[in-house]
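Chain and residue survey
Listed here are the chains, written in short residue letters.
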Amino acid sequence: RFTHDPACMHEIAHSDGIWFGPSTTVTLHVSGLAMEYFKRRQQVPHQTIVQELASYLVVTTQVRHSEQLLPTLRYWIPHVRIVDQPDYADALNRSLEQFLQLQAA
């Protein structure tokens with residue numbers, strides 16, 4: 001038997017996805033064709049447009065796991081890049097390198 005942790009139960013009840021744990025803020029640089037789509041509707045979890053310039057948007061997102069974000073970013077390449085969070089940027093780069101290696105084989 002175990003005792004329910006009220007904080008965990010609250011997080012599960014109010015979560016909008018399958019991911020559990022502390023969230024991380026990731027800042028994105030969105031340009032080109034992707035700009036209009038990011039302005040039109042939420043493309044990433046808890047999306048906030050922080051700055052809007054003529055040539056790009058600065059967008060923040062709150063994620064609990066890299067897989068909440070990376071598939072969407074792969075879709076928008078080359079119009080989206082991770083500004084901070086080098087671990088997330090490295091994971092994205094590794095996945096792209098693996099894809100290119102498979103294509104070359």
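These remarks concern the structure in this document.

About the cut-offs
Residues numbered from 1 in each chain as written. Predicted model: local features only at pLDDT ≥ 70, side-chain atom pairs only at ≥ 80, totals over all residues. Heavy atoms only, no water. Buried < 20%, exposed > 50% of the residue type's maximum accessible area, 1.4 Å probe, protein only. Salt bridge = Lys/Arg side-chain N within 4 Å of Asp/Glu carboxyl O. Helix = DSSP H or I, 4+ residues; strand = E, 2+ residues; numbered from the N terminus. Pairing = 2+ DSSP bridges. Expected span 1.5 Å × (residues − 1). Arc of directions from axis to C-beta.

**Quick notes on unusual backbone geometry**
- Of note, the bond from Ile77 into Pro78 is cis; its omega dihedral lies within 30 degrees of zero at 10°.
- Phi at Gln85 is positive, roughly 55°, even though this residue is not glycine.
- Taking relative accessible area as the criterion, Gln85 reaches 26% and is therefore assigned partly exposed.

**Let's talk about the pattern of salt bridges**
- Overall, the coordinates contain 3 salt bridges when judged by the stated rule.
- One salt bridge in this structure joins Glu36 and Lys39, with 3.1 Å as the shortest N-O distance. Taken together, the positions of Glu36 and Lys39, both in helix H2 (residues 34-40) and 3 residues apart, correspond to about one turn of that helix.
- The shortest N-O distance in the salt bridge between Glu52 and Lys39 comes to 3.1 Å. Of this pair, Glu52 sits in strand E2 (residues 48-52) while Lys39 sits in helix H2, and the two are 13 residues apart along the sequence.
- The class for Lys39 is partly exposed, based on a relative accessible area of 33%.

**Notes on the environment of Ala89**
- Mapped onto the elements of the fold, Ala89 is located in helix H4 (residues 86-104).
- Residues Ala89 and His29 lie 60 residues apart in sequence; the distance between their C-alpha atoms is 12 Å.

**A look at the pairing of strand E3 (residues 56-63)**
- With 6 of 8 residues buried, E3 is to be regarded as a mostly interior element.
- As paired strands, strand E1 (residues 24-31) and E3 are joined by 8 bridges and run antiparallel to one another. The residue bridging Thr24 from the neighbouring strand is Val63, located in E3.
- Across 4 bridges, E2 lies against E3 in antiparallel orientation.

**Examining H4**
- A rise of 1.5 Å per residue sets the reference length of H4, with its 19 residues, at 27 Å; its end C-alpha atoms lie 27 Å apart and thus fit the reference within 8%.
- Along H4, the residues classified as buried are Tyr88, Ala89, Ala91, Leu92 and Ser95. Seen from one end, H4 has its buried residues packed into an arc of 165°, which puts them on one side. Those residues of H4 that are exposed and aimed more than 90 degrees away from the buried face are Pro86, Asp87, Leu100, Gln101 and Ala104.

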